[in-house]
Amino acid sequence: MKGQPSVHHPESRLLGLDEDSRSVAAALERCAETADDNLTLARHYLFYRSTGAEAYEKPLPPLYVASAWWPSLRQPWPRGAFDLGLKVRFLFRCVLHYLPLLANRECGAICVYFAEHLVHYSAFAPRYWRFPFMADNDLQIGNTWTDPSHRGRGLAGFALEKILVLKRKPGRYFWYVVEAINRPSIRVVERAGFELAAEGSWHKPFGIKLFGSYVPGSGIGAHLS
Ligand SMILES: CC(C)(COP(=O)(O)OP(=O)(O)OC[C@H]1O[C@@H](n2cnc3c(N)ncnc32)[C@H](O)[C@@H]1OP(=O)(O)O)[C@@H](O)C(=O)NCCC(=O)NCCS
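Just so it is clear, the structure is predicted and the values come from calculations on it, not from any experiment. (Residues numbered from 1 in each chain as written. Predicted model: local features only at pLDDT ≥ 70, side-chain atom pairs only at ≥ 80, totals over all residues.)

Draft legend 1. Quick peek at the overall build of the protein. Looking only at helices and strands, the protein features five helices and eight strands. Listing the helices and strands of the protein from first to last along the sequence gives α-α-β-β-α-β-β-β-α-β-α-β-β. (Helix = DSSP H or I, 4+ residues; strand = E, 2+ residues; numbered from the N terminus.)

See below:
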């Protein structure tokens, strides 16, 4: 909405409404600009990375139990997966793993349970077409979620550090791609010592989500070397 004329009627001056309407119009314009900015940010991604060298295992809060999930035909999604969408997302990882479409074999997830309920998962996977900028040995951490009633208790932070400790090795980078408006997620990754390596966007060839990939913006490729 930037650049659009503000709402202004000559009659309003006669009615003594000019200042009011102008301030309303200005407020509306500010809202529209904020909305525009949010839309722009929503399409904007931050590419964080870490070697995991400084990572350490954090304790879970009492009553939470963690376990690892690895792709397998017997367990194509984690125990306690509660909806079809979630099962499909993990099944997709199994397919990538078995076909094999991943740059290496190190795919999995850290899951956290509370009273047998799955309340958090953080998955990791090597390079495939969605993350073309990664090196052969690198891992990407994503598909991260905490049940809303268990947020802010350090579960995502716990899982992230766990993956780093479990999977770090010389020459490997861990990647974490997050929407620029996702403050809780950015807080989690920055708290774990990741550094911002690039900014970029999500490309969806022919409008097909399955073919989509995260692309670091031009001019910042040097950060990725
Ligand atoms: C992102 C997400 C996984 C974090 O899970 P979590 O278990 O609550 O994470 P943690 O408790 O380890 O840490 C959350 C941090 O974000 C902070 N936070 C929460 N809301 C925030 C906000 N609006 N702005 C800034 N920080 C915020 C918390 O205070 C906490 O930081 P602190 O420990 O320094 O106080 C969770 O919010 C979620 O599932 N979101 C929806 C799915 C999603 O966005 N996944 C990430 C995709 S990249």
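Draft legend 2. Expanded view of the site of the ligand. The environment of the ligand is formed by 19 residues, the closest being T146, R151, A156, G157 and R183. Among the secondary structure elements, those contributing two or more residues to the shell around the ligand are β5 (139-146), α4 (155-167) and α5 (183-191). For the shell around the ligand, the element with the most residues is α5, which contributes six residues. Its residues assigned to classes, the shell around the ligand comprises six nonpolar, eight polar and five charged. (Near = placed C-beta within 6 Å. Nonpolar A, V, L, I, M, F, W, Y, C, P; charged D, E, K, R; others polar.)

Draft legend 3. Summary view of the pairing of strand β6 (residues 174-179). In terms of burial, β6 is largely enclosed, as five of its six residues are buried. The sheet contact formed by strand β1 (residues 45-50) and β6 spans six bridges and is antiparallel. By the bridge assignment, Y48 is partnered in β6 with Y176. Taken together, β5, α4 and β6 constitute a β-α-β crossover, and its handedness is right-handed. (Buried ≥ 20, exposed ≤ 12 C-beta atoms within 10 Å, placed from the backbone. Pairing = 2+ DSSP bridges. Right-handed = clockwise from strand over helix to strand, strands pointing away.)

Draft legend 4. Just the sheet that holds strand β8 (residues 213-216), in detail. Spatially, β2-β3-β4-β5-β6-β1-β7-β8 is the arrangement adopted by the eight strands of the open sheet, whose pairing is mixed. Looking at the sheet topology across the chains shown, the edges are occupied by β2 (64-69) and β8. Averaged over all adjacent pairs, the angle separating strand axes in this sheet is 30 degrees, with direction ignored. Here β2 runs beside strand β3 (residues 108-114); their pairing, made up of six bridges, is antiparallel. (Axes fitted to C-alpha atoms, helices over the stretch in contact; angles between N-to-C directions.)

Draft legend 5. Geometry of the confidence of the model for the protein. For the protein, per-residue confidence averages 84 on the pLDDT scale, and 78% of positions sit at 70 or higher. In this model, residues 30-37 is a region of pLDDT below 50 whose contacts with residues beyond four sequence positions or in other chains number five contacts. (pLDDT = per-residue confidence, 0-100. Contact = placed C-beta atoms within 7 Å.)

Draft legend 6. Highlighting α4. Between the first and last C-alpha of α4 there are 18 Å, a value that for 13 residues agrees with the 18 Å anticipated at 1.5 Å per step. Listed in full, the buried residues belonging to α4 are L155, A156, F158, A159, L160, E161, I163 and L164. Its buried side turned inward, α4 meets β1, β3, β4 (117-125), β5, β6 and α5. (Expected span 1.5 Å × (residues − 1).)

Draft legend 7. Summary view of the nonpolar core. The biggest cluster of nonpolar side chains holds 43 residues, and the ones touching the most others in it are F124, A159, L160 and Y176. In contact with F124, not counting residues within four places along its chain, are C107, G108, A109, L139, Q140, I141, I163 and K167. (Core = buried A, V, L, I, M, F, W, Y, C linked by C-beta atoms within 7 Å.)

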